[in-house]
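Spelled out, the chains give:
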Amino acid sequence: MQYANSLHEYRKELKQALAHEFQRKALENFTSSYRKSRDGYFADCSLEEIIQDIGLAKDSSLKQFEALYQRFKAKAEAMGVQVHLARNDREANEIISEIAAENQCRRVVKTKSMTAEEVKLSDFLQEKGLEVTECDLGEWIIQLREEVPSHMVLPAIHVSKEEVGKLFSTVTGHTQSTDIQSLVKVARRELRQKFIEADMGISGSNFVIAETGTLGMVTNEGNLRLATTLPRVHVALVGVDKLVPTLKEALPILKGLPRNATGQSISSYVTWITGANDCLAAPEGKKIMHVVFLDNGRLALARDPVFSQALRCVRCGACANVCPVYRLVGGHVYGHVYIGPIGLILTYFFHGREKDKFLAQNCLNCQACKAVCVAGIDLPRLIKEIQAVIQADEPRPALNTGLATVLTRRKLFHSLLWSGKYLQKPIQGRSKYLRHLPQFLLGDQDFKALPALAGKPFRDRWEDLKPRVTRPRYRIAIFSGCLQDFVYPEHLEQFVRLMAGRDIAVEFPKDQGCCGLPVLMLGEKEAARQIARHNLRALDPSQYDAIITLCASCGSHLKENYPYIIGRRQGVGVKVRQFADKIMDVSSFLRNVAQLESNLFAASGPRTAYHAPCHLCRGLQVKDAPRELLTLAGLEYVPNPDEETCCGLGGTYSMKFPELSASIVQDKLERIEALDVAYLVTDCPGCVMQLKGTVETEQRRLTVLHMVEALARQLKT
Amino acid sequence: MNRNQCIQTFISKAEAVSAGVITVPHVQQALEHVVTLCTDKEACRLLASGCEHPLSQEPADLCRLKEWSKIIAAPDLAAGDLETLTNLCRPLGIRLIEKGLHSHLGGLDIGLTWARYGIAENGTLVLDSSREDIRLAGMISEIHTVLIGASSIAATADDLLEPLTRLFADGPNYTAFITGASRTADIERVLALGVHGPLELHICIVQDC
Ligand code: SF4
Ligand code: SF4
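Just so it is clear, the structure is predicted and the values come from calculations on it, not from any experiment.

Trainee: Quick question: what am I supposed to make of the site of ligand 2 here?
Mentor: The immediate surroundings of ligand 2 are formed by Met152, Cys313, Val314, Arg315, Cys316, Gly317, Cys319, Ile342, Cys373, Ile377 and Leu379 of chain A. Across the shell around ligand 2, the residue classes break down as nine nonpolar, one polar and one charged.

Set out below in structure tokens:
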């Protein structure tokens, strides 16, 4: 839940969550086992097909909501169901409490439903004097603790069995053990009584079929079956986004949801309820049944050109399971009601700007969530867009205005960097790091040593380095990015060295500037567009066979984001597509185009771990080339399951949330050091900065290298 | 998938989610199997359904309501089969009920029902449980035993699109897909079977149906 009034307060909450030891351990175990097994969950079917089918079903259904709703209503009413449409949370709560009053209900059993959480239905009904019991085990535990769920599928993942034992001891008035099997059985009996006493059962629904008037529910425990069978009244509260035309559109969701959530090919129970069924407890032997559809902004959201895809969500929770931020702090601080990556988006729409203000900023843009979303939602992009929307209403932070002003003026920016190297002298001493930064400047950034600006940027070294090729078979341009131009020019130098004698003409168009990702990350869309157009002029794609970047972040921004942010402009669309098509990361280029031969390199080398930059492995989808290069260059590549986990930099993220950034990188290095490797190689200067700076501060026995540095070290000559 | 492959896949998938599966030639043998299950159950007394733990007053009273004679609930059998089962149960002192399950909410030993379809790819049983007694037999029993005709097992859920749509359209209807026993992992992600529904699921594939 979000109640922080300032970023400072929010960071305080995050720090407390970081200190919650049981939760950290539990999430660590859960998320790493999830990541390990997840690919196997789709071994027997086509994930791409499922993603596509879910997307199609959801997108098209919302467009024809009115017709589907009328169809469902007619069908359901003919079978004794009353159908309501609640425009907002308040209306939904009132409709349901009136149903309770009308039927003299006093006791309610409620099954797990995010929609009910969204409108805070239980609180509302309890205020009206009803007794509401959550009958899903995890939800019951949470209710007894007076908390909210911390995960969409595993609501009580932050609670230990000892805590559950104590809780159940209080409930039963007898001391309970901490044996999980026994605790589950105690809950079984305690809750069975609640089902029998209840007058009303409340459920959600995973899909609602218009054609037949059917509700479909996916569950494992069996509580929903009891809750929809024993009490005389059944109320289903469902988001309008759950409505699909026919059973056919529901089946892909049924395939994707349980697999992505828990790795089950289907859940233990899928319950299909059509119309008011037999119910002996009801006065006329027929269930009193109501279906309440909730709009709460969904229908308008469905028409939004950017955000409508958020409504495809099937609530599988997978995006949280792979998010490096969620993994550290859990759902109570990483969400409001909807938690995890999708929560960063939905909170704005369902619970308001104030609740999402700081939350929405808490994203590394690492793309891990996007890679597992079974509904194909581009979560990181929507999170960025939400940040921009929220920011539009705020006075622009100084950092934004400053960066936007400087980065859109290439010459100003570069001359500032020029003078920077003189200004840093007193704090630099003779090392390559900024040693004596005053604490007030550094703040909580002290977990990593910050690199100093290089004595001479790459652009000033270029004339001397430039290889002379008379009859080139291939022509490339280097896109250097700021970090490598001004901080790590040695990376580019090594790259040029690797090009020697390969008949490849290399050029460095000097008018290029920052790629613009930093300003986009701050939600400064206009500045990002200006920068993109500038670079497009500086590097005309028709002049080169490929444009190579050694920075994965620049690379994915140039390739993925440029067409998105400036592609709709008349005349620009084609150029930017051609430009994007020529962008290539350095590892793919060296491996697949330049085709470095193994005889260039020493036959053996140190044990080496690899860190896959988010923007490379997920952004550009490059996975094999870097790993193959390591082996080809004679290094002893030691794989590790954590390779694709973000290093915690996330551009300006690490300045905003230094505690999280530090924990992420420290955890990562801890695990890598345990592999007993000498090198840690990656192919992004941002990752190098984060990893190398932290290794430096913590004095770890690891050498962090950019891919081209590692390769150059292995060269025979 | 041909008929045989369907059945084999169905069996292995169902077993993978800890259902017990046997194949019998006729209903007669299935009924005998159910009675054996029930008598075996007697030998090892009550399954751990929670009543062995200290509970608060009302749930404990509910446990006491559970009768000490064994009960099989079979709300879904054809008249002839019901008679056969009655004859099998009587000498063993097992009570057989076919309706009024609502007055046994404390728990039943065995619920016996028919599945209308099976889905091989997941080991799923499809039960038309529109009648409340059939629904309860699969919910409040400690062992749920399901009979399924070998010819009713489809390869995939997609294959059932039409018959299911017809079934729903003809509502009111309450259909359940059941795959394995009721389960939870809500406490420390440790798997526990039998949280609200049956503690065990047994399937008898009847070859001549
Ligand atoms: S992009 Fe990465 S940090 Fe951001 S929400 Fe997705 S997984 Fe979390
Ligand atoms: S956004 Fe995607 S991954 Fe996240 S819960 Fe929704 S469907 Fe699952």
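There is more to say, and it comes next.
Trainee: Help me out: how do you make sense of the domain arrangement of chain A in this one?
Mentor: When the parts of a complex come together, some accessible area is lost, and that lost area is often used as the size of the interface. Residue and element names in this part refer to chain A. As assigned here, chain A comprises domain 1 (7-38 + 317-392), domain 2 (45-299), domain 3 (410-592) and domain 4 (594-714). If you average the C-alpha positions of domain 3 and of domain 4, the two centres end up 19 Å apart. The interface of domain 3 with domain 4 comprises 41 residues on the first partner and 46 residues on the second. Note on domain 3 versus domain 4: buried area summed over both sides is about 3,600 Å², and carbon and sulfur give 63% of it. On the surface where domain 3 and domain 4 come into contact, there are two salt bridges. Where domain 3 touches domain 4, the interface holds 17 residue pairs in polar contact (both at pLDDT 80 or more). Those elements that provide at least two residues to the side of domain 3 that touches domain 4 are helix H25 (481-487), helix H26 (489-498), helix H27 (517-521), helix H29 (552-566) and helix H31 (586-593). Ranked by the residues each element gives to the side of domain 3 that touches domain 4, the list is headed by H31, at seven residues. For the side of domain 3 that touches domain 4, the class distribution of residues is 19 nonpolar, ten polar and twelve charged.

Trainee: Help me out: how do you make sense of the pairing of strand S4 (residues 108-114) of chain B in this one?
Mentor: The side chains of a regular strand alternate, first on one face of the sheet and then on the other. Residues and elements named next belong to chain B. Burial runs high along S4: seven of the seven residues are buried. Here two bridges tie strand S2 (residues 71-73) to S4, and the two strands are oriented parallel to one another. When the sheet's bridge partners are listed, Ala73 is paired in S4 with Gly111. Relative to strand S7 (residues 141-149), S4 is paired through six bridges, and the arrangement is parallel. Directly across from Leu108, in S7, lies its bridge partner Ser141.

Trainee: Help me understand the interface of chain A and chain B in this model?
Mentor: Listed by partner, the interface residues are 79 residues for chain A and 63 residues for chain B. For the pair chain A and chain B, the summed buried area comes to about 6,000 Å², and 57% of that belongs to carbon and sulfur atoms. Linking chain A with chain B are one salt bridge, by the criterion used here. A salt bridge links Asp158 of chain B to Lys255 of chain A; the shortest N-O distance between them is 3.4 Å.

Trainee: What is the right way to look at the pairing of strand S9 (residues 173-178) of chain B in this model?
Mentor: With six of six residues buried, S9 of chain B is to be regarded as a mostly interior element. Every second residue of S9 of chain B is oriented toward a common face, with Asn173, Thr175 and Phe177 of chain B on one face and Tyr174, Ala176 and Ile178 of chain B on the other, all of them buried. Relative to S9 of chain B, strand S9 (residues 269-274) of chain A runs antiparallel, the two sharing six bridges. Pairing of Thr274 of chain A across the sheet is with Asn173 of chain B, part of S9 of chain B. In this sheet, S9 of chain B lies alongside strand S6 (residues 124-128) of chain B in antiparallel orientation, the contact comprising four bridges. Bridging from a neighbouring strand, Val126 of chain B pairs with Phe177 of chain B of S9 of chain B.

Reading the values: rules and limits
Residues numbered from 1 in each chain as written. Chains lettered and ligands numbered in written order. Predicted model: local features only at pLDDT ≥ 70, side-chain atom pairs only at ≥ 80, totals over all residues. Heavy atoms only, no water. Near = heavy atom within 4 Å. Nonpolar A, V, L, I, M, F, W, Y, C, P; charged D, E, K, R; others polar. Domains from an automatic or database assignment. Contact = heavy atoms within 4.5 Å. Buried area = accessible area lost by both parts, 1.4 Å probe. Salt bridge = Lys/Arg side-chain N within 4 Å of Asp/Glu carboxyl O. Polar contact = N/O pair within 3.5 Å; in protein donor to acceptor, adjacent residues only side chain to side chain. Helix = DSSP H or I, 4+ residues; strand = E, 2+ residues; numbered from the N terminus. Buried < 20%, exposed > 50% of the residue type's maximum accessible area, 1.4 Å probe, protein only. Pairing = 2+ DSSP bridges.

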